[in-house]
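# Examination of the molecular architecture
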Amino acid sequence: MLNGEKKIARPLRWAMVGGGRLGQVGYKHRIGALRDNTAYQLVAGAFDIDSERGKDFGINLGVDENRLYPNYKTMFAEEAKREDGIEVISIATPNGTHYEICKAALEAGLHVICEKPLFFTSEEGEEIKALAEKKGKIVGVTYGFSGNQMLLQMRAMIEQGKIGEIRVVDLQYTHGFSATEQGDKTNAAQKWRVDPKVAGPSFVLGDLSTHTYYMSELIMPKMKINRLLCDRQSFVGSRAPLEDNAFVFMQYENGAVGRLWTSSINAGCMDGHRIRIVGSKASLEWWDSKPNELKFEVQGEPIQTLIRAMPYLDESCNADERLGALHQEGLSESWANIYLKFAIAIDAKNRGDEETLKNLVYPDINAGIEGIRWIENCVRSADNGAVWVEYENKKTVLV
Ligand code: NAI
């Protein structure tokens, strides 16, 4: 149970790059980091590509005016001169900027919390991983839904054999907000998402399915994909080669099969993030529109709905409990949970506490790199005519 009491000796001095007044995701970072008053203090920022707007915004957030900077480079340089300078930054800017900001932050001796998809290529990911190791710093990735503790319940039940051998993995993350072309021209956050120079090699595969793919890894850490086939479409033609819809079929090492549907043209869909794991004895199902519930369906028995915060849940699940039974939790608590784990990881890294780091389950740089690999595999399959490709030695080989 979490109640805001300190988990680290003192709050980390934290700053944001991006996530400004008009940014979509910035507030989620602040909700996550500042939920526990004891984990982070927001002390500086380069919040916006428009530096004046960023400064005005920072003042309204209560940040010291002298620590609101026109850009991240100035922030890193100026903060390094202070005894009470920043220790960790969050990057909440469009995809194409993550790599350079992350690299500059690590070189400036800062820990990094970065948005997904982490970078454009897995080579960039490996380079940044090596740099982070050299500098003794953490890179966390904000797969924001993954802090929901019912996913840890799924992980525990699968590990305990409650559903038997996994046979089918059914993943979906879809919405309909890009069903028409209109937003590509009028909505700033939509515009860059369909521009390969800023979004990278994919649209929905990176924007949506990296979340779901990571959550599947979190739930089923032992399941490894052998081969996959991806078919991607640009129903709004001007988005090509970036897809607004994709289907992926997976074959796992243990003989299980999977499918993932990701889409931003699923018109009218408002509850499109679902995970169903089918085992030889039973199935588990979770969707983010009902995050307090987990369906446990044993073949031949009445369907059970497991409810958040109840004592019958696994210890690992209830360790991340905040509000108690009868009171609904959601995305805010999920972000708070991952931000708290980033803080614990940063503190452990600073103290050289490798034992804590080894046992902490959170989206780290490896999870970010696996997300990039997922996209690379999907794109290569799709762009070769939707063919099966093999995950081999961490590279994709056409078959
Ligand atoms: P957005 O376009 O709504 O906001 C971007 C923000 O970054 C704006 O405030 C903009 O002024 C600022 N910015 C851009 N370049 C900058 C720079 N060089 N320096 C400082 N500020 C800069 O984008 P959105 O939707 O918030 O996405 C940002 C990132 O977050 C993307 O990588 C996206 O994939 C990810 N994202 C993640 C979500 C999650 O659940 N984890 C949800 C939504 C987005």
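Our subject is the structure that appears above.
Residues numbered from 1 in each chain as written. Predicted model: local features only at pLDDT ≥ 70, side-chain atom pairs only at ≥ 80, totals over all residues. Heavy atoms only, no water.

### Details of the packing of helix H5 (residues 122-135) against helix H14 (residues 365-383)
Convention followed: Note on method: axes are straight lines fitted to C-alpha atoms, helices fitted across the in-contact stretch only, with angles between N-to-C directions ranging 0 to 180 degrees. Strands here are runs of E lasting at least two residues and helices are runs of H or I lasting at least four, both read from the DSSP assignment and numbered beginning at the N terminus. Throughout, the term roughly parallel applies to angles under 35 degrees, roughly antiparallel to angles over 145, roughly perpendicular to angles from 65 to 115, and oblique to all others. Two helices crossing with the near one rotated counterclockwise from the far one by less than a right angle form a left-handed crossing, whereas a clockwise rotation gives a right-handed crossing. Only heavy atoms matter for contacts: two residues are in contact if any of them lie within 4.5 Å across the pair. All amino acids are sorted into three groups, where Ala, Val, Leu, Ile, Met, Phe, Trp, Tyr, Cys and Pro are nonpolar, Asp, Glu, Lys and Arg are charged, and the leftover types, Gly among them, are polar.
Running from N to C, H5 and H14 point in directions that differ by 170°, and their axes come no closer than 9 Å. Relative to H14, H5 is oriented roughly antiparallel. Regarding H5 and H14, the two cross each other, and that crossing is left-handed. Contacts between H5 and H14 involve Ser122, Glu123, Gly125, Glu126, Ile128 and Lys129 from the first element and Ile365, Asn366, Ile369, Ile372, Arg373 and Glu376 from the second. Among the residues making up the contact of H5 with H14, the classes are represented as four nonpolar, three polar and five charged.

### Here's the deal with the packing of aromatic side chains
Worth spelling out the cut-off: Between the rings of Phe, Tyr and Trp (Trp by its six-membered ring), a pair exists once the centres lie within 6.5 Å; its type follows the angle of the planes, with under 30 degrees stacked, over 60 edge-to-face, and the other angles tilted. Only protein chains enter the accessibility calculation, which uses a 1.4 Å probe. A residue is then buried if its area is under 20% of the maximum for its type, exposed if over 50%, and partly exposed in between.
In total, this model carries 13 aromatic pairs according to the counting rule given. With a centroid separation of 4.5 Å and 10° between ring planes, the pair formed by Tyr213 and Trp374 is classed as stacked. With Tyr213 in helix H10 (residues 204-219) and Trp374 in helix H14, the pair connects residues that are 161 residues apart, well separated along the chain. Tyr213 sits in the buried class, given a relative accessible area of 8%.

### Overview of the site of the ligand
Put simply, the test is: What makes a residue near a molecule or strand is one non-hydrogen atom of that residue sitting within 4 Å of it. As used in this structure description, the phrase polar contact means that two N or O atoms lie within 3.5 Å; if the pair is within protein, one of them must be able to donate a hydrogen and the other to accept it, and residues adjacent in sequence are counted only when both atoms belong to side chains. In this description, accessible areas are obtained by the Shrake-Rupley approach with a 1.4 Å probe, and a residue is regarded as covered only by the protein chains that are shown.
Around the ligand, a shell composed of 26 residues is seen, among which Gln24, Asp48, Asn95, Glu115 and Trp192 lie nearest. Note that a nitrogen atom of the ligand is positioned 2.9 Å from one of the backbone N or O atoms of Thr142. For the ligand, whose unbound accessible area comes to 850 Å², protein coverage reaches 89%. Within the residue set of the shell around the ligand, elements represented by two or more residues are strand E1 (12-18), helix H8 (188-193) and H10. A total of three residues in the shell around the ligand trace back to one element, the largest contributor, which is H8.

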